[in-house]
Amino acid sequence: MAAPRVIVEPAGRVCWDEPVRIAVRGLAPEQPVALRASLRDEKGALFRAHARYRADARGQLDLQRAPALGGSFAGLEPMGLLWAMQPDRPFWRLVKRDVQTPLQVELEVLDDREPHEPAGPEPEPQESAGPEGGRVLARAVHERHFMAAGVRRVPVREGRVRATLFLPPGPGPFPGIIDLFGVGGGLLEYRASLLAGKGFAVMALAYYNYDDLPKDMKLLHLEYFVEAMNYLLRHPQVKGPGIGLLGTSKGGQICLSMAAFLKGITAAVIINGSVANAGGTLCYKDETLPPLGFNRNRLKIAEDGIANTLDTLNSPLEGPDQKSFIPVERSDTTFLFLVGQDDQSWKSEFYANEASKRLEAHGKEKPQIISYPDTGHNIEPPYFPLSKVAMHQLWKCLVTFGGETRAHAIAQVDAWKQLQIFFRKHLCGTKDLSPAKL
């Protein structure tokens, strides 16, 4: 009998957000095995997931057809070995900083038979730390890339702007998008690089704690973002007349502010953003939005020392905090809000609904709101493991971001599809609203 082997399809260059088919050939009929996936991030932290399976009557195993019988997940989850990965370091988040190199995922097949195991009924799903001691039957390394073939990476230092522009293959022009992340600061490129592979010119924009930019975000000037917009719109491979914005958390809040105060923004996707200015003062010309007030006494600390920040911010509908409400009613932008209903960082669903009410009250287009149950704050591109607890830059402690692993994984796949459909419709005027199959 041929030795067992792992098959990953497609076999060529695969990007992180793309699904693959994982299969094993050459097993004994109905042989119980464990599959283990592992990778090391750029700082050497190990992420792992495993699941138990049983081969079919021909000794074959296809994760698109065979349910996991326990382990890091159970049931029919063809990509579970990726999204269920957990770090060996507590509270460590998987972040890709160098998008020009792939992450190497090692896949292993282990014999899961007990010595002299009799043939019997299917084993019950069970949790465990991982299959230890089982003989490794087959191994494969699967590379997952962050730049599709032909995508170009262009570092940007223009005036004050510190960014990286990703251009799809071909002459263009392409619809332009500015991509903004939250309170971690710095310059994160992985979402922009992946999205450029879908036909968009995407600028990953730093706005603090990077290079010669301010070290904190106590005071942000929208003029900086105007510079970034102008750079993008002047670029010969960017299609006007307007651009798109994509922002998560604080980045989503900045996108709302840009749409309220600036012209030339056609479409904006807000992922768990706030309709009130929080975390620092925002200025544009002679207007100022003060930071939303908060009460540190409302910080809830669990027995394990992990904090919940959900109730710390004041309501932007009451008293002096109304001055922090972003004047979204001035905007002519079309909005899509993507909301995790288990966001424990702040009240994303409430903020999205309040933005919608304000826009409608002023006769503006009702935004699209898509809410995801059991989904937390950090909605990433598909197959990123859930980062449920992490160190928070502002609170300087471990906080919970919410989310249930499987539901959050499903939401990430759908949110990625929905934002592409939205940008294609409003930036390209495309009636074909079906992105590449996820």
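In case you missed it, the structure is sitting above this.
Peer 1: Is there a simple way to think about the pairing of strand 11 (residues 152–158) in this case?
Peer 2: Relative to strand 12 (residues 161–167), strand 11 runs antiparallel, the two sharing 7 bridges. What sits directly across from Glu158, in strand 12, is Val161. Where strand 11 hands over to strand 12, the hairpin turn is made up of 2 residues, of which Gly159 adopts a positive phi near 60°.

Peer 1: I would appreciate a short explanation of empty space enclosed by the protein in the present structure.
Peer 2: A water-sized probe, rolled over the atoms, reveals where empty space remains. In this structure the tally under the stated criterion is 3 cavities of 30 Å³ or more. Of the volumes computed, that of the largest cavity is approximately 60 Å³. Lining the largest cavity are Asp179, Phe181, Gly182, Gly185, Gly186, Leu187, Leu188, Ala204, Leu205 and Tyr207. Partitioned by chemical class, the residues of the lining of the largest cavity number 6 nonpolar, 3 polar and 1 charged. Empty space within the second largest cavity amounts to approximately 40 Å³. If you go around the second largest cavity, the residues you meet are Arg191, Ile271, Ile379, Glu380, Pro381, Gln412, Ala415, Trp416 and Leu419. Of the residues forming the lining of the second largest cavity, the biggest block, 4 residues, is contributed by helix 6 (residues 405–428).

Peer 1: Help me understand the nonpolar core in this model?
Peer 2: One recurring pattern in soluble globular proteins is that nonpolar side chains are buried together. If you look at the biggest cluster of nonpolar residues, it comprises 133 residues, and the most contacted ones within it are Trp16, Leu35, Tyr53, Ile178, Leu205, Met258 and Phe423. Once residues lying within four places of it in the same chain are set aside, the contact partners of Met258 are Ile178, Leu180, Leu222, Phe225, Met229, Leu245 and Ile265. The next biggest cluster of nonpolar side chains, apart from the first, holds 7 residues, and it includes Ala307, Ala390, Trp395 and Cys397.

Peer 1: Help me out: how do you make sense of the sheet that holds strand 2 (residues 21–25) in this one?
Peer 2: The pairing of strands in a sheet comes from backbone hydrogen bonds and takes either a parallel or an antiparallel form. Taking strand neighbours across the sheet as the criterion, the 3 strands line up as 1-2-5 in an open arrangement whose pairing is antiparallel. The two strands at the open ends of the sheet, each matched to only one other strand, are strand 1 (5–9) and strand 5 (61–62). Pairing of strand 1 with strand 2, which is carried by 5 bridges, proceeds in the antiparallel orientation. Bridge pairing links Val8 to Ile22 in strand 2.

Peer 1: Got a minute to help me understand the packing of aromatic side chains in this structure?
Peer 2: How two aromatic rings sit relative to each other is given by the distance of their centres and the angle of their planes. Under the counting rule described, the total for this entry stands at 15 aromatic pairs. Ring plane angle 45° and centroid distance 5.2 Å describe the contact between Trp16 and Phe384, whose orientation is recorded as tilted. Of this pair, Trp16 sits in the loop between strand 1 and strand 2 while Phe384 sits in the loop between strand 23 (368–372) and strand 24 (389–392), and the two are 368 residues apart along the sequence. Assessed through its relative accessible area of 2%, Phe384 is described here as buried. Taken together, the ring pairs connect Trp16, Phe146, Phe181, Tyr190 and Phe384 into an aromatic cluster. Residue placement shows Arg191 over the ring face of Phe181; its charged tip is 4.1 Å from the ring centre. Positioned above the aromatic ring of Phe325, the side-chain terminus of Arg358 is 3.8 Å from the ring centre.

Peer 1: Just to check I follow, could you spell out the environment of Leu46 for this structure?
Peer 2: Residue placement: Leu46 occurs in strand 4 (residues 46–54). A sequence separation of 360 residues divides Leu46 from Arg406, and the C-alpha atoms of the two residues are 20 Å apart. Setting aside chain neighbours within four positions, we find Leu46 in contact with Ser38, Leu39, Arg40, Gln86, Pro87 and Asp88.

Peer 1: When you look at a positive patch on the surface in this model, what are you seeing that I'm missing?
Peer 2: Among the surface-exposed residues, Arg40, Lys43, Arg89 and Arg97 lie close enough to one another that they form a single positively charged patch. For Arg89, the location among the structural elements is in the loop between strand 8 (86–87) and strand 9 (103–111).

Peer 1: Help me out: how do you make sense of helix 3 (residues 222–234) in this one?
Peer 2: Residues that lie three or four places apart on an α-helix share one face, since the helix turns once every 3.6 residues. Here helix 3 contains 13 residues, and its C-alpha end-to-end distance of 18 Å stays within 8% of the 18 Å for a straight helix at 1.5 Å per residue. Taken together, the buried positions of helix 3 are Leu222, Tyr224, Phe225, Ala228, Met229, Tyr231 and Leu232.

Peer 1: Would you take a moment to explain helix 5 (residues 348–361) for this structure?
Peer 2: Compared with the 20 Å implied by 1.5 Å per residue over 14 residues, the 20 Å span of helix 5 between its first and last C-alpha is a close match. All of the buried residues along helix 5 are Ser348, Tyr351, Ala352, Glu354, Ala355, Ser356 and Leu359. Residues of helix 5 that are buried make contact with strand 22 (334–340) and strand 23. Positive phi appears at Gly363, one or two residues downstream of helix 5, with a value of about 75°.

Peer 1: Is there a simple way to think about the packing of helix 3 against helix 4 (residues 250–261) in this case?
Peer 2: Geometrically, a packed helix pair is captured by the angle between its two axes and the distance between the axes. Running from N to C, helix 3 and helix 4 cross one another at 80°; their axes reach a closest spacing of 11 Å. The pairing of helix 3 with helix 4 is recorded here as roughly perpendicular in orientation. Packed against helix 3, whose contacting residues are Leu222, Phe225 and Met229, the element helix 4 presents Ile254, Ser257, Met258 and Phe261 at the interface. Along the lines of polarity and charge, the residues of the contact of helix 3 with helix 4 split into 6 nonpolar, 1 polar and no charged.

Definitions and cut-offs
- Residues numbered from 1 in each chain as written.
- Predicted model: local features only at pLDDT ≥ 70, side-chain atom pairs only at ≥ 80, totals over all residues.
- Heavy atoms only, no water.
- Pairing = 2+ DSSP bridges.
- Helix = DSSP H or I, 4+ residues; strand = E, 2+ residues; numbered from the N terminus.
- 1 Å grid on protein atoms, 1.4 Å probe; cavity = no way out; pocket = protein on both sides within 12 Å on 5 of 7 lines; lining within 4 Å.
- Points joined across faces, edges and corners; volume = space filled by probe spheres on them.
- Nonpolar A, V, L, I, M, F, W, Y, C, P; charged D, E, K, R; others polar.
- Core = buried A, V, L, I, M, F, W, Y, C linked by side-chain atoms within 4.5 Å.
- Buried < 20%, exposed > 50% of the residue type's maximum accessible area, 1.4 Å probe, protein only.
- Contact = heavy atoms within 4.5 Å.
- Phe/Tyr/Trp six-rings, centres within 6.5 Å; stacked < 30°, edge-to-face > 60°.
- Lys NZ or Arg CZ within 6 Å of the ring centre and 35° of its normal.
- Patch = residues over 30% accessible without salt bridge, like charges linked within 9 Å, V, L, I, M, F, W, Y side chains within 5 Å.
- Areas by Shrake-Rupley, 256 points an atom, 1.4 Å probe, with all protein chains shown as cover.
- Salt bridge = Lys/Arg side-chain N within 4 Å of Asp/Glu carboxyl O.
- Lys, Arg positive; Asp, Glu negative; His and termini not counted.
- Charge placed at Lys NZ, Arg CZ, Asp CG, Glu CD.
- Expected span 1.5 Å × (residues − 1).
- Axes fitted to C-alpha atoms, helices over the stretch in contact; angles between N-to-C directions.
- Parallel < 35°, antiparallel > 145°, perpendicular 65-115°, else oblique.

The analysis is restricted to geometry; functional conclusions fall outside its scope.
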